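Observations on chain architecture
Here's the letter readout for the chains.
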Amino acid sequence: MKCRICQENITPFMTYGRMPIANGFLLPDQFENEYFFNLTPAFCDKCLTFQIEEQPDPKLMFHDQYAFFSRTSVHMQRHFKAYADWVYDNHLKGDSPFVVELGSNDGIMLENFAKRGIRHLGVEPSANVAEEARRHGVNTIVRFFGPETASEIVEEYGQADALLAANVMCHIPDLNGIAKGASALLKQDGVLIFEDPYLGSMIEKTSYDQIYDEHVFIFSALSVANIFGPHGFELIDLLKQETHGGSMRYVLARKGARSVSAAVTKILADEKAQGLHLSETYDSFRERCEASKARLVRLLQDEKAAGRRVVGYGATSKSTTILNYCGIGPELVEFISDTTPIKQGKFTPGMHIPVKPYSAFAENYPDTALLFAWNHKAEIMEKEKAFTEGGGKWLTHIGED
Ligand code: DWN
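Nothing here was measured: the structure is a model prediction, and the numbers come from that model.

**Digging into helix H8 (residues 221-228)**
A large share of H8 lies buried, amounting to six of its eight residues. Every buried residue belonging to H8 is among Ala221, Leu222, Ser223, Val224, Ile227 and Phe228, and all of these are buried. Looking at the buried side of H8, the elements it contacts are helix H6 (175-185), strand S9 (186-197), strand S11 (233-241), strand S12 (247-254) and helix H9 (262-274).

**Re the side chain of threonine 320**
Summarising the element assignment, threonine 320 is placed in helix H11 (residues 317-326). Those residues within four positions of threonine 320 in sequence are excluded, and the remaining contacts are Met19, Pro20, Ile21, Ala22 and Pro349.

**Section: H9**
Between its first and last C-alpha atoms H9 spans 19 Å; for 13 residues at 1.5 Å apiece the expected length is 18 Å, and the two agree. Along H9, the positions that sit buried rather than exposed are Val264, Ile267 and Glu271. Around the axis of H9, the buried residues are gathered within 75° of arc, so they sit on the same side. Exposed and facing more than 90 degrees away from the buried side of H9 are Ala262, Thr265, Lys266 and Ala273. For H9, the N-terminal capping position is held by serine 261, with its side-chain oxygen 3.0 Å away from the main-chain nitrogen of alanine 263. Downstream of H9 by one or two residues, glycine 275 has phi in the positive range, about 85°.

**So, the sheet that holds strand S3 (residues 41-43)**
Taking strand neighbours across the sheet as the criterion, the three strands line up as S3-S4-S10 in an open arrangement whose pairing is antiparallel. Looking at strand neighbours, the two that pair on one side only are S3 and strand S10 (217-218), the edges of this open sheet. Taken together, the two bridges between strand S4 (residues 50-52) and S10 define a ladder with antiparallel strand orientation. Looking at the pairing, phenylalanine 50 lines up with isoleucine 218 of S10.

**Topic: the nonpolar core**
Counting 86 residues, the largest nonpolar core has Tyr16, Phe194, Phe219, Phe228 and Tyr250 as the members making the most contacts within it. Looking at this core, the element that brings in the most residues is helix H10 (residues 279-305), giving six residues. In terms of nonpolar packing, the next biggest core, distinct from the first, is built from 23 residues, Val99, Ile118, Ala133 and Val251 among them.

**Notes on the site of the ligand**
Taken together, 25 residues form the shell around the ligand, and within it Glu214, Lys318, Asp338, Lys343 and Lys383 come nearest. Within the backbone of threonine 339, one N or O atom sits 3.1 Å away from an oxygen atom of the ligand. Within the complex, the protein chains bury 97% of what would otherwise be the 700 Å² of accessible surface of the ligand. Those elements that place two or more of their residues in the shell around the ligand are H11 and helix H13 (377-383). A class-by-class count of the residues in the shell around the ligand yields seven nonpolar, 13 polar and five charged.

**Here we look at the packing of aromatic side chains**
Applying the stated criterion across every chain yields a total of 25 aromatic pairs. Taking 5.8 Å as the distance between ring centres and 45° as the angle between the ring planes, the aromatic pair formed by phenylalanine 13 and tyrosine 282 counts as tilted. Of this pair, phenylalanine 13 sits in the segment before strand S1 (18-20) while tyrosine 282 is found in helix H10, placing the two residues 269 residues apart along the sequence. Site record: aromatic cluster; members linked through ring pairs are Phe194, Phe217, Phe219, Phe228, Phe233 and Tyr250. Stacked on the ring of phenylalanine 36, the Lys or Arg arginine 18 has its end atom at 3.8 Å from the ring centre. Sitting over the face of the ring of tyrosine 83, arginine 249 holds its NZ or CZ atom 4.1 Å from the ring centroid.

**A few points about the pairing of strand S8 (residues 160-166)**
In terms of residue burial, S8 counts as a mostly covered element, since seven of its seven residues are buried. Where strand S5 (residues 98-102) and S8 come together, three bridges link them in parallel fashion. Counterpart to valine 99 in the pairing with S8 is alanine 162. As judged from the six bridges shared by S8 and S9, these two strands associate in the parallel manner.

**Focus: the environment of histidine 63**
Along the chain, the position of histidine 63 falls in the loop between helix H1 (58-61) and helix H2 (74-91). Once the C-alpha coordinates of histidine 63 and alanine 306 are considered, the two residues, 243 residues apart in sequence, prove to be 42 Å apart. Histidine 63 has contacts with Ser126, Ala127 and Asn128, leaving out every residue within four places of it along the chain.

Rules and cut-offs
Residues numbered from 1 in each chain as written. Predicted model: local features only at pLDDT ≥ 70, side-chain atom pairs only at ≥ 80, totals over all residues. Heavy atoms only, no water. Buried < 20%, exposed > 50% of the residue type's maximum accessible area, 1.4 Å probe, protein only. Helix = DSSP H or I, 4+ residues; strand = E, 2+ residues; numbered from the N terminus. Contact = heavy atoms within 4.5 Å. Expected span 1.5 Å × (residues − 1). Arc of directions from axis to C-beta. Polar contact = N/O pair within 3.5 Å; in protein donor to acceptor, adjacent residues only side chain to side chain. Pairing = 2+ DSSP bridges. Core = buried A, V, L, I, M, F, W, Y, C linked by side-chain atoms within 4.5 Å. Near = heavy atom within 4 Å. Areas by Shrake-Rupley, 256 points an atom, 1.4 Å probe, with all protein chains shown as cover. Nonpolar A, V, L, I, M, F, W, Y, C, P; charged D, E, K, R; others polar. Phe/Tyr/Trp six-rings, centres within 6.5 Å; stacked < 30°, edge-to-face > 60°. Lys NZ or Arg CZ within 6 Å of the ring centre and 35° of its normal.

Everything listed here is a matter of geometry and, on its own, says nothing about what the molecule does.
Encoded structure:
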């Protein structure tokens, strides 16, 4: 395959096998026609970008039945308020600033600008979540972002002071198009700020479930510098985040337009010390994924042999990779509890485990909960004290139990 960024020939370093659409929760009459593709990650040793080889058509993933609503987590609501406040305090200057967010989902971040009366626009391809954003007073258009959308926005609203994204950039295969769009949209001293799950954390924790159809890239600062550099941008700041099991906030500006923080030099050096620029790092990651799979299957089989009930907690997109890679179905995990109404009553992609409302967990505790929403662990542990104190056991695939 060719690297999506620099066109170098690259080869996947492993396969997770046949995968369905990660958020494609479905009903039994849809099982027969379920879509599958091969999930194979690759590392480009020229531009240092971690990516998946094949990505399904975006229309199969982002549509008017998109199953993920950012608002389901109280901690994430707090996080996005803090993110918006930080942008406001550090990067919005002058009169009547204008902020654009790409992949604005249900408006969880932009509503914080809306409440301050700041000019803003969300660009969101999934109509159902965009509708929810409008209900929260967030000005939103249903569109994929790119150079064309950027020109339309400039024509209607003028250039922007900040282009923001959260857990979106890593979903977009044509980042060169995004960079061109950002260049057209932003004022001369405008900033491009985004956060995504961080490659350094994924490698450190062997949290391979970050890899699924929607996440076409898992970024490092090294790769972000190489992706946006050729379009005239440079990294001016980097901030590590706790969210989604370890994320990074990348701040970019046109070269020379803003001063560069010391964090940039420090984190780039840390990434080299971790070996994120070396293909051997991904070979040992593959070995750890295989060990993680063997461990999880063995633990679940032991639970079953001991006659203990295991229920999944949080039907995350990430769980689709774990379940399908490890071959875990309803014979090992009775059901998965999830608070998102659109997922409830459906079955998980590929392995077809029933998804039930939270009450199914709370009203009949299992012996063991397999925590698929491990990135929300702090929030969930607080909420589930009764289960834990009553002897309930927690498991995760990343060996944090
Ligand atoms: O990048 C992406 C991230 C930000 O969000 C997307 N591609 C899709 C999505 O990924 P995910 O589905 O892995 O995200 P979460 O936030 O780990 O999903 C949590 C799931 O768990 C939701 O379906 C809601 C559910 N949940 C629950 O049932 N009880 C969550 C919490 C906090 C709870 O207490």
